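# An overview of the molecular structure
So the chains spell out like this:
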Amino acid sequence: MATKRDNGETAVLERGELPDVTGQPKIVFAGGRGKTGKSTFMRWAIERCIERGGEPVIADADRTNQTLMAFFPTAIKPPSAEDDDVRLWLNDLADNQIERRNTAFLDLGGGDLTLKHWARDLDLAPFLTHHGITPVVFYLLGSDIDDLSYLRDLETVFAPQHTCLVLNEGMVPSGRSPLSAFNPIIDHPVFESAVKRGALFLRMPKLGCMQEIDRRRLSFADAEAGRVREGQDRIGPTMRQMIAIWRRETEASFGKVSAWIS
Amino acid sequence: MTTEPDILSAISRAGLQKRGTLKEWMIANREAFASKLEGFKPDWPILAKVFADAGLLDQRGNRPTAEATRKTWQRVRKLSKPGPRPRDAPAPTGNAETAPVHRPPVTAETQPTGQAGTGDYRDEVRAMLSKGLQVPKPLDK
């Protein structure tokens, strides 16, 4: 498979061969429309990274709903929601990552075009790669065909080698199986095109009690252990079991990209 | 033309006790199966019957036809080949006919890290997704 590397060179990659990015500094992006599970994925990935001894920079640039700030008090955010402020803040973030060489998780708002403009203006993927930072992007997709529009638009200007399409089963309407609900997505040329250029795909399992965790602002590990904050309702054994299964399944599903988020 | 008893016994030794899809079986036993076909023109109608009688189904849950068997094998052959054996690794012992053929456990480490470039990525995505409740099949009478 001929693949255009992030530095612009064309190299031949066999299936199964991607550069190992274990231990390398990265910027992990989550992209997609609103309400496709970006922040949920980011929370899980950041928690996982920290549990493994990582000290990532957590950057919450969601201008409409700074979810990560509520879960990670050390998260950083732009000084304001104004376009220019966000752009300058993103530039600073990239400069700091290049200088300090650590890993960052960057959450942008659903459908926010900031990343598209930033990526286009900086030629972001080759730029970061040139400076030793591996760009990693996870596209969260629900079963709505319009969820592909963000992917289509961003792929034109930001197509890192480490790209993963995440089919979020939590977004599948009640009463439908993920298999049938995602059929139009899987068959769509936008999805096909991303896969053919080298994007991976995986599933994010559904957690039926996700809202209960969100409402309490708990980490997944705390929720599984039943550690609630003072004054909050307890989490019963059944819900804890559901969370444990979800974490186990999610870990298995994302195992193939473990190094991308470590 | 493959000698029928030979290929049948090879498939039998490979173990078909467990029901599954034909594609899964072919992936798990790709090398052994390929070695049996090497140099011969496969008799796909016979092979399809053997697989079907052993309980292997196609991706849609039907008995595989000769054409479906042939196409499945074509697709499986195109999947990534195992990496080269490390230079210092011991050579495999035994022969393909007597060695037990089994599917290695799939772990994060053994999962392929790239999926692109395969002609049938849709099959892979669908195999990955949760299937939901299945319509029960009628009992055999």
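Residues numbered from 1 in each chain as written. Chains lettered and ligands numbered in written order. Predicted model: local features only at pLDDT ≥ 70, side-chain atom pairs only at ≥ 80, totals over all residues.

## So, helix α6 (residues 148–155) of chain A
Residue and element names in this part refer to chain A.
- When we look at burial in α6, the residues that qualify are Leu-148, Tyr-150, Leu-151 and Leu-154. Buried residues of α6 fall within an arc of 155° about the axis and therefore sit on the same side.
- For α6, the secondary structure elements touched by its buried residues are β3 (26–31), α4 (114–122), β6 (134–141), α8 (183–187) and α9 (189–196). (Buried ≥ 20, exposed ≤ 12 C-beta atoms within 10 Å, placed from the backbone. Helix = DSSP H or I, 4+ residues; strand = E, 2+ residues; numbered from the N terminus. Arc of directions from axis to C-beta. Contact = placed C-beta atoms within 7 Å.)

## Examining the nonpolar core
- Phe41(A), Phe105(A), Leu106(A), Leu165(A) and Val166(A) are the most contacted members of the largest nonpolar core, which totals 71 residues.
- Considering each element in turn, this core owes the most residues, six residues, to β6(A).
- With sequence-adjacent residues up to four places away left out, Phe41(A) is seen in contact with Ala30(A), Phe138(A), Leu140(A), Val166(A) and Met204(A).
- Core analysis: the next-biggest nonpolar cluster, separate from the first, contains ten residues, Met26(B), Phe33(B), Leu47(B) and Phe51(B) among them. (Core = buried A, V, L, I, M, F, W, Y, C linked by C-beta atoms within 7 Å.)

## A word on the sheet that holds strand β4 (residues 57–61) of chain A
Residue and element names in this part refer to chain A.
- Read across the open sheet, the six strands follow the order β4-β5-β3-β6-β7-β8; overall the sheet is parallel. Of all strands in the sheet, those bounded by a partner on one side alone are β4 and β8 (200–204). Neighbour to neighbour, the strand axes of the sheet diverge by 20° on average, direction disregarded.
- Here strand β7 (residues 162–168) runs beside β8; their pairing, made up of five bridges, is parallel. Residue Leu-167 lies in a different strand from β8, and its bridge partner there is Arg-203.
- Packed onto the sheet, helix α3 (residues 83–100) meets β3, β4 and β5 (104–108) and runs at close to 165° relative to β4. (Pairing = 2+ DSSP bridges. Axes fitted to C-alpha atoms, helices over the stretch in contact; angles between N-to-C directions.)

## Considering the confidence of the model for chain B
Residue and element names in this part refer to chain B.
- Per-residue pLDDT for chain B has a mean of 66; in total, 56% of the residues score no lower than 70.
- Here helix α1 (residues 4–14) stands out as the least confident element of chain B, with mean pLDDT 55; helix α6 (residues 121–128) is the most confident, with 92.
- Across residues 82–114, where pLDDT falls below 50, the model places 29 contacts with residues more than four positions away in sequence or in other chains.
- At the level of chain-chain contacts, confidence expressed as ipTM amounts to 0.83, with global pTM at 0.68. (pLDDT = per-residue confidence, 0-100.)

## Remarks on the pairing of β3(A)
Residue and element names in this part refer to chain A.
- Burial runs high along β3: six of the six residues are buried.
- Taking every second residue as pointing to the same face, both faces of β3 are buried, with Lys-26, Val-28 and Ala-30 on one and Ile-27, Phe-29 and Gly-31 on the other.
- Strand direction decides the pairing type here: β3 and β6, joined by six bridges, are parallel. Bridged to Phe-29 within β6 is Val-137.
- Direction of pairing for β3 relative to β5: parallel, over a ladder of four bridges.

## Considerations on the packing of helix α4 (residues 44–53) of chain B against helix α5 (residues 66–78) of chain B
Residue and element names in this part refer to chain B.
- Look at α4 against α5: their axes get within 8 Å of each other, and the N-to-C directions meet at 90°. Viewed along their axes, α4 and α5 adopt a mutual orientation that is roughly perpendicular. Residue-level contacts link Trp-44, Pro-45, Leu-47, Ala-48 and Phe-51 of α4 to Ala-66, Thr-69 and Arg-70 of α5.
- Split into classes, the residues belonging to the contact of α4 with α5 amount to six nonpolar, one polar and one charged. (Parallel < 35°, antiparallel > 145°, perpendicular 65-115°, else oblique. Nonpolar A, V, L, I, M, F, W, Y, C, P; charged D, E, K, R; others polar.)

## Regarding the pairing of β8(A)
- Counting buried positions along β8(A) gives five out of five residues, so the element sits mostly inside the fold.
- Every second residue of β8(A) is oriented toward a common face, with Leu200(A), Leu202(A) and Met204(A) on one face and Phe201(A) and Arg203(A) on the other, all of them buried.

## Here's the deal with the confidence of the model for chain A
- On average, chain A scores 90 in pLDDT, and the residues at 70 or more come to 94%.
- Contacts from residues 1–16 of chain A, a stretch scored under 50 in pLDDT, to residues over four places away or in other chains number 36 contacts.

## Digging into the environment of Ala225(A)
- Take Ala225(A): it is sitting in helix α11 (residues 220–225).
- Taking C-alpha positions, Ala225(A) is 6.9 Å from Arg240(A), a pair spaced 15 residues apart along the chain.

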